[in-house]
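Chain by chain, the residues run as shown.
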Amino acid sequence: MEKQESIEYIRQLLEKQEKLERLNQTTADTALALDKAQKALETYQIRIQEELDQVVKKQKSMIQNRLDREVQLAQRKVEQAEKQRAQEKNRQKKDHIADATEEYRGRIRLACSKVKSDIKKEKIPGICKRDIWFSLFMPTFLTDYVLLALTWLTVALGIPAIIYLLIPNRQIWHFYILFPLFVVSTILVYIKIYQATVGKHREILKECREQINEIHELKERIRKTEKNINRSDDESSYELKELDEKIEQARNLLNQAKADQEAGMQEFEQKTRLEIADEFREKSKEKLEQLTGAMNELSKEKN
């Protein structure tokens, strides 16, 4: 009798142990399944967030590019209008300069014509109508005397020095011969030309010199007039009203485009981004509920 009771007791212990092992195995399987469910949910949420970020980024880039193009187009219109105005102002400025200096240019043409006709009429060598000739043989201004001095130094000193340097086995006395030779030759040539021109036609050449002086004075007046007009900020004499209005319109369009750009980006951040997020939440709602529900069921089983 006691032996039968012992066997029954051992059998019951074995059954309890078997149930405990099955329970432990079920708990482990449930924990593993719960862990997989959590990872699946996290993976799905990450994938949805990445897709959402990509769509938001793409949509934002499209809107920003469109608004940027509108701003750039408006900016080009402003630049074109300003360029057109600058070109028109330069054209009118040239016309203004031409009108302001027309009298001076006419007097210059008359003076040049008179110099040429007088020299041709008196059969004076054509070189005498050149400014450089008057500077060398009938100097008046400081620049004429400077040119005359430089010419004398070049002919009387520079040329002998060059020839001296080209002589093989040169000696210093070679230069002492060349220098006075060129000085004397230059003086003789200068006197000869002076006698053949100024000596014979002094009065005519004197009148021509006066004409040349007047030409220089008129050219200086033209230069000063051009300088004053170019430096002047007064635009009252220019017809630029229509172009100014065109520039103003273009600038208004540019300001409007910039305002639209700012408003568009604000609308995207405050409205469009949220709408896209809502669409993604709605699209993924069913799948998220499935994953969340499965995880909750496993969590209950585990507990």
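Keep in mind that what you see is a predicted model, and the values were worked out from it rather than measured.

*Asks:* What am I meant to see in the overall build of the chain here?
*Replies:* A count of helical and extended segments in the chain gives six helices and zero strands. Taken from the N to the C terminus, the helices and strands of the chain come in the order α-α-α-α-α-α. With 303 residues in all, the chain has 25% of them scored as buried. Long-range contacts, defined as pairs at least 24 residues apart, comprise 80% of the intrachain contacts of the chain with a sequence gap of at least 6. Here the chain displays about 22,400 Å² of accessible surface, and carbon together with sulfur accounts for 54% of that area.

*Asks:* What should I look at first to understand the packing of helix α4 (residues 142-166) against helix α5 (residues 172-231) in this one?
*Replies:* Helix-helix packing is described using two parameters, namely the angle between the two axes and the distance between the axes. In contact at an axis separation of 9 Å, α4 and α5 are set at 150° when each is read in the N-to-C sense. Overall, the two elements α4 and α5 adopt an arrangement that is roughly antiparallel. For the element pair α4 and α5, the recorded crossing hand is right-handed. For the pair α4 and α5, contact is made by D144, L148, W152, V155, A156, L157, I159, P160, A161, I163 and Y164 and by I172, H174, F175, L178, F179, F182, V183, T186, I187, Y190 and R209, respectively. When grouped by side-chain class, the residues that make up the contact of α4 with α5 number 18 nonpolar, two polar and two charged.

*Asks:* What should I look at first to understand unusual backbone geometry in this one?
*Replies:* Among all residues except glycine, the phi angle is most often negative; among peptide bonds, the trans geometry is most common. The phi dihedral of N169 is positive, around 55°, even though this residue is not glycine. Turning to its location among the elements, N169 is positioned in the loop between α4 and α5. Residue N169 is classed as exposed on the basis of its relative accessible area of 72%.

*Asks:* What am I meant to see in the pattern of salt bridges here?
*Replies:* Side chains that differ in sign of charge can pair as their charged atoms come close. Scanning all chains against the criterion turns up 16 salt bridges. Among the ionic pairs, E235 bridges to R85, the shortest N-O distance being 2.5 Å. One end of the pair, E235, is in the loop between α5 and α6 (241-302); the other, R85, is in helix α1 (residues 2-100), with 150 residues separating them in the sequence. Of the residues examined, E235 reaches a relative accessible area of 28% and is grouped as partly exposed. Using a relative accessible area of 15% as the deciding quantity, one classes R85 as buried.

*Asks:* How do you make sense of the environment of V155 when you look at a structure like this?
*Replies:* Tracing the backbone through its elements, the reader meets V155 in helix α4. A relative accessible area of 26% means that V155 is categorised as partly exposed. Counting along the chain gives 27 residues from V155 to F182, while the straight-line C-alpha distance between them is 7.3 Å. With near-sequence residues (within four places) excluded, V155 lies in contact with P160, F182 and T186.

*Asks:* How should I be thinking about the nonpolar core in this particular structure?
*Replies:* General note: in soluble globular proteins, nonpolar side chains tend to be found buried as a group. Judged by nonpolar contacts, the single largest core of 20 residues is most densely connected at I119, C128, W133, F134, M138, V198 and L205. When residues of this core are assigned to their parent elements, the largest contribution, seven residues, is made by α5. The contacts of C128, once residues within four sequence positions are left out, are I119, W133, F134, T197 and L205. Core analysis: the next-biggest nonpolar cluster, separate from the first, contains ten residues, I48, L52, L67 and F280 among them.

*Asks:* Help me understand the packing of aromatic side chains in this model?
*Replies:* For any pair of aromatic rings, the description rests on two quantities: the centre-to-centre distance and the angle between the ring planes. All told, the structure shown has five aromatic pairs when counted by the stated rule. Seen from their ring centres, F137 and Y190 are 4.6 Å apart, and the 15° between their planes marks the pair as stacked. Of the two residues, F137 is situated in helix α3 (residues 131-137) and Y190 in helix α5; the sequence distance between them amounts to 53 residues. With relative accessibility at 23%, the residue Y190 sits in the partly exposed group. Where Y190 meets Y194, the ring centres are 6.5 Å apart and the plane angle is 20°; that geometry is what we call stacked. Pair noted here: Y190 and Y194 are both in helix α5, with a separation of four residues, about one helical turn. Every member of this aromatic cluster is reached through a ring pair, and the members are W133, F134, F137, W152, Y190 and Y194.

*Asks:* Sorry if this is basic, but what is going on with the environment of Y190 here?
*Replies:* Put simply, Y190 and L136 are 54 residues apart on the chain and 9.3 Å apart in space, counted from C-alpha to C-alpha. Those residues in contact with Y190 that lie beyond four places of it in its chain are L136, F137, L148 and W152. In terms of polar contacts, Y190 uses its side chain to reach the backbone carbonyl oxygen of L136, at 2.6 Å.

*Asks:* Whenever I open this one, a nonpolar patch on the surface confuses me. Can you help?
*Replies:* Together, L142, V146, L150, L153, L157 and F179 line one region of the surface with nonpolar side chains, adding up to about 570 Å² of accessible area. Among the elements that line the nonpolar patch, the one with the most residues is α4, at five residues. By the secondary structure assignment, L150 is in helix α4.

*Asks:* I would appreciate a short explanation of the layout of surface pockets in the present structure.
*Replies:* The volume enclosed by the largest pocket comes to roughly 210 Å³. What lines the largest pocket is simply C112, V115, K116, K129, R130, D131, I212, I215, H216 and K219. Among the elements of the structure, α2 (102-121) and α5 are those that each provide at least two residues to the lining of the largest pocket. Among the elements that take part in the lining of the largest pocket, α5 stands out by supplying four residues, more than any other. Of the residues contributing to the lining of the largest pocket, the split by class is four nonpolar, one polar and five charged.

Each value, and the rule that gives it
Residues numbered from 1 in each chain as written. Predicted model: local features only at pLDDT ≥ 70, side-chain atom pairs only at ≥ 80, totals over all residues. Heavy atoms only, no water. Helix = DSSP H or I, 4+ residues; strand = E, 2+ residues; numbered from the N terminus. Buried < 20%, exposed > 50% of the residue type's maximum accessible area, 1.4 Å probe, protein only. Contact = heavy atoms within 4.5 Å. Areas by Shrake-Rupley, 256 points an atom, 1.4 Å probe, with all protein chains shown as cover. Axes fitted to C-alpha atoms, helices over the stretch in contact; angles between N-to-C directions. Parallel < 35°, antiparallel > 145°, perpendicular 65-115°, else oblique. Left-handed = near helix turned anticlockwise from the far one by under 90°. Nonpolar A, V, L, I, M, F, W, Y, C, P; charged D, E, K, R; others polar. Salt bridge = Lys/Arg side-chain N within 4 Å of Asp/Glu carboxyl O. Core = buried A, V, L, I, M, F, W, Y, C linked by side-chain atoms within 4.5 Å. Phe/Tyr/Trp six-rings, centres within 6.5 Å; stacked < 30°, edge-to-face > 60°. Polar contact = N/O pair within 3.5 Å; in protein donor to acceptor, adjacent residues only side chain to side chain. Patch = residues over 30% accessible without salt bridge, like charges linked within 9 Å, V, L, I, M, F, W, Y side chains within 5 Å. 1 Å grid on protein atoms, 1.4 Å probe; cavity = no way out; pocket = protein on both sides within 12 Å on 5 of 7 lines; lining within 4 Å. Points joined across faces, edges and corners; volume = space filled by probe spheres on them.

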